[in-house]
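Residue-level listing of the chains:
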Amino acid sequence: MRERALITGYPGWLTGHLLRQLDDLTRAPEPPAWAEALSDVSWRALVAPETSPHPDGQVDDIVVDDIVVGDIRDPQAVATAMQDVTIVLHAAGIIHPRRVQELYAVNRDGCECLATAAVKAGVRRFVFVSSNAA
């Protein structure tokens, strides 16, 4: 059975670039061990409600098998996205909030919601990455 990974912050510059690089590396004649270990992972994306998973209308060349639309602050949406997941790559965040309170709500409270759901779901690995905007 393929391992299921959840990625947040998709589609974004950081996550799109990361998944494209990973896809390229896994197709290389001699991929690095870490890339080879992720070559058979099935990716699910938790996409913010106001965000199109394919902003230009085109399906990305990256295989994201499943899209769950939901806010990272919503425990029910996060629990749904976390089903059958063993790896979480958390890269979602807000960089231009209208108010400071929104920054904390998304970046702090959203991360806490994801981490709590990951523990409840028995996730093996939780990787939290950020661009330089954090």
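Residues numbered from 1 in each chain as written. Predicted model: local features only at pLDDT ≥ 70, side-chain atom pairs only at ≥ 80, totals over all residues. Heavy atoms only, no water.

## Side note on the pattern of salt bridges
Next, step 1: As enumerated under the stated definition, the model contains 8 salt bridges in all.
Next, step 2: Asp-23 is paired through a salt bridge with Arg-27; the nearest N and O atoms lie 3.2 Å apart.
Next, step 3: Judged by its relative accessible area of 19%, Asp-23 falls in the buried class.
Next, step 4: By relative accessible area, which is 62% here, Arg-27 ends up exposed.
Next, step 5: Salt-bridge contacts for Arg-44 lead to Asp-66; the nearest nitrogen and oxygen are separated by 2.8 Å. In this pair, Arg-44 is assigned in strand β2 (residues 42-47) and Asp-66 in strand β3 (residues 64-69), connecting sequence segments 22 residues apart.
Next, step 6: Take Arg-44: its relative accessible area is 7%, and that puts it in the buried class.
Next, step 7: Shared partners join several salt bridges into a network, and the residues in it are Arg-2, Asp-40 and Asp-65. (Salt bridge = Lys/Arg side-chain N within 4 Å of Asp/Glu carboxyl O. Buried < 20%, exposed > 50% of the residue type's maximum accessible area, 1.4 Å probe, protein only. Helix = DSSP H or I, 4+ residues; strand = E, 2+ residues; numbered from the N terminus.)

## Details of the pairing of strand β5 (residues 125-128)
Next, step 1: Relative to β5, strand β4 (residues 87-90) runs parallel, the two sharing 4 bridges. What sits directly across from Ile-87, in β5, is Arg-125. (Pairing = 2+ DSSP bridges.)

## Quick look at the layout of surface pockets
Next, step 1: Of the voids in this model, the largest pocket is the one considered here, and its volume is about 880 Å³.
Next, step 2: As for the largest pocket, its lining consists of 33 residues, of which Gly-9, Ala-91, Ala-92, Gly-93 and Ile-94 are closest to the centre.
Next, step 3: Contributing elements (two or more residues each) for the lining of the largest pocket: α1 (13-26), β2 and α4 (100-121).
Next, step 4: By residue number, the principal contributor to the lining of the largest pocket is α4, which donates 4 residues.
Next, step 5: Counted by class, the lining of the largest pocket contains 19 nonpolar, 10 polar and 4 charged residues. (1 Å grid on protein atoms, 1.4 Å probe; cavity = no way out; pocket = protein on both sides within 12 Å on 5 of 7 lines; lining within 4 Å. Points joined across faces, edges and corners; volume = space filled by probe spheres on them. Nonpolar A, V, L, I, M, F, W, Y, C, P; charged D, E, K, R; others polar.)

Any functional reading would require information beyond the geometric quantities listed.
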